[in-house]
Amino acid sequence: LSERLQGTLKKVTGQSQLTEQNMEEMLREIRLALLEADVNYEVVKDFIAKTKEKALGADVLGSLKPGQVVVKIVHDELVELLGTDVSTVDFSKKPTIIMMVGLQGSGKTTTTGKIAKRIKEKDGKKPLLVAADIYRPAAVEQLKTIGQQVDVEVFSEGTDVSAEKIVTDALDHAKENHNDVILIDTAGRLQIDQPLMEELKHLKDIAHPDEILLVVDSLAGQEIANVASSFNDQLGITGAVLTKLDGDSRGGGAISIRYLTHVPIKYIGTGEKLDQIDLFYPDRMAERILGMGDVVSLVEKVQDVYDEKESMKAFNKMQRGTFGLDDMLVQMKQLKKMGPLSGILKMLPGMPKMPKIDDDEANDRLKETESMILSMTLEERQHPEIINMKRRERIAKGSGKSVADVNRLLKQFEQSKKMMKQLSNIDPTTGMMTQKP
Ligand code: GDP
Ligand code: MG
């Protein structure tokens, strides 16, 4: 448990009785811990209300070790919510057909390769990977490369054929070749859109998958809730994969997914390498999520907590010199959320008169920027200085942009880093620049 939570726990435990008041205090800490872990705020609200009800119903008021009782109730509730048992994919059917879905950059293609490698080595299966993301030539190439790395066959018909036909042909091919697991790698978008959903529905009708696994980037924060509900409402997912848990996400997305869709989380991704996949252990996750509640903030409004946290993160990273491209993207989105970009820019002190910025254009820019950043590895995002010519070409290909676009993005990053530095020298009380050596 986090220090703060432990502090409260001690205080409450020291008191001989659990009162409704000190229970409120504990639940407030737990609420902060969950929000800090990026659990969706609606979910947190509900979870806390239910837990409180349970705690009261369990008649723990006045019990001997009241603090521990509450923490135990919270922990058990979390574990129950997360699934109690380890849940796996059933590969007994021949063939087992699995469709991988999710937003662009969530880790679908990588996870497809990871699962193939795992079941091939662990269970002696003969999987077939199907390249059904026809919108980016690089996506087909990426799957082929991964297929080679894990020594598993990849079925592809390029990008000129419809995804529906590719899947139909792949099923025939798998029958002839006696593949016992078929993994279909589908296209994603940066944001959920209806055409994508329609295509995925068609693929579902054709493939009759035994599993539809939603791949979710654990770093996507509050957005996870929306993604999980939309995909589940439209496609009826059977499980989820939470990727990038090697990053600094607390994994709160797991709770949002479970709470909103009730499907089990079947795998987690713990790195870019193809053996960095694991099953999902609910108790470990509950501890990870609860253990991170050390954000000290008295701000009551949930949304404020979130926004302030994001900008503080960026600010701290600036000061430590670890501000990366991911952070820039968060900042850009933040600005966008605050309203028309042109208005915000005008508010900045010392800003020269700006030409009028078209917000539609700004939106398009943001999307392009996002798709380029998503095509980078985590290391590249954090250390853009390592992005040499070869990497630029790969990023350009992966995002469907030109090398010149990537160059522009990197230049823009340098500029925004400079600007952030200047802004961080502004004294908030006077609005004047402070001189720093
Ligand atoms: P897709 O667009 O959904 O197919 O996503 P990709 O599989 O192409 O993955 C996008 C990026 O995320 C790539 O740079 C991957 O290497 C990276 N990635 C995927 N899973 C993980 C993970 O578990 N950990 C880390 N650190 N990176 C991952
Ligand atoms: Mg992909």
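Residues numbered from 1 in each chain as written. Chains lettered and ligands numbered in written order. Predicted model: local features only at pLDDT ≥ 70, side-chain atom pairs only at ≥ 80, totals over all residues.

This part is about the site of ligand 1. Gly107, Lys108, Thr109, Thr110 and Gly269 are the nearest of the 21 residues found near ligand 1. Residue contributions to the shell around ligand 1 peak at 3 residues, all from helix α5 (residues 108–123). Class assignment of the residues belonging to the shell around ligand 1 gives a composition of 2 nonpolar, 15 polar and 4 charged. (Near = placed C-beta within 6 Å. Helix = DSSP H or I, 4+ residues; strand = E, 2+ residues; numbered from the N terminus. Nonpolar A, V, L, I, M, F, W, Y, C, P; charged D, E, K, R; others polar.)

Another aspect to go through is the nonpolar core. One finds Val130, Ile184 and Ala240 to be the most contacted residues of the largest nonpolar core, which totals 83 residues. Residues in contact with Ala240, not counting those within four places in the same chain, are Leu213, Leu214, Val216, Ala228, Ile257, Val263, Ile265 and Lys266. (Core = buried A, V, L, I, M, F, W, Y, C linked by C-beta atoms within 7 Å. Buried ≥ 20, exposed ≤ 12 C-beta atoms within 10 Å, placed from the backbone. Contact = placed C-beta atoms within 7 Å.)

Further remarks concern the UniProt feature "domain: SRP54-type proteins GTP-binding" (unreviewed entry) in the chain. Mapped onto this structure's residue numbering, the UniProt feature "domain: SRP54-type proteins GTP-binding" (unreviewed entry) falls at residues 264–277. The straight-line gap between the two end C-alpha atoms of residues 264–277 is 16 Å; of that span, 0% is helix and 43% is strand. (UniProt positions renumbered as here; feature names shortened; annotations may be inferred.)

Moving on, we come to the pairing of strand β1 (residues 96–101). Along β1, 6 of the 6 residues are buried, which leaves the element largely enclosed by surrounding structure. Where β1 lies against strand β4 (residues 181–186), 5 bridges are found, and the strand directions are parallel. Within β4, the position partnered with Met99 by the bridge is Ile184. (Pairing = 2+ DSSP bridges.)

Moving on: the sheet that holds strand β8 (residues 277–278). The 8 strands are arranged β3-β2-β4-β1-β5-β6-β7-β8 in an open sheet whose pairing can be described as mixed. Looking at the sheet topology across the chains shown, the edges are occupied by β3 (153–155) and β8. Of the pairings in the sheet, the one linking strand β6 (residues 239–243) to strand β7 (residues 265–269) comprises 3 bridges and is parallel in character. Bridge pairing links Ala240 to Ile265 in β7. Against the sheet, α5 makes contact with β1, β2 (127–132), β4, β5 (211–217), β6, β7 and β8, and its axis sits at roughly 170° relative to β4, the strand it touches most. (Axes fitted to C-alpha atoms, helices over the stretch in contact; angles between N-to-C directions.)

Okay, the pairing of β2 next. Most of β2 is tucked away, with 6 of its 6 residues classed as buried. Residues Pro127, Leu129 and Ala131 point to one face of β2 and Leu128, Val130 and Ala132 to the other, with burial holding for every one of them. Two strands pair when backbone bridges link them, and β2 and β4 are joined in this way by 6 bridges, in the parallel orientation. Residue pairing across strands places Ala131 opposite Asp185, the latter belonging to β4. Across 3 bridges, β2 lies against β3 in parallel orientation. Looking at the pairing, Val130 lines up with Phe155 of β3.

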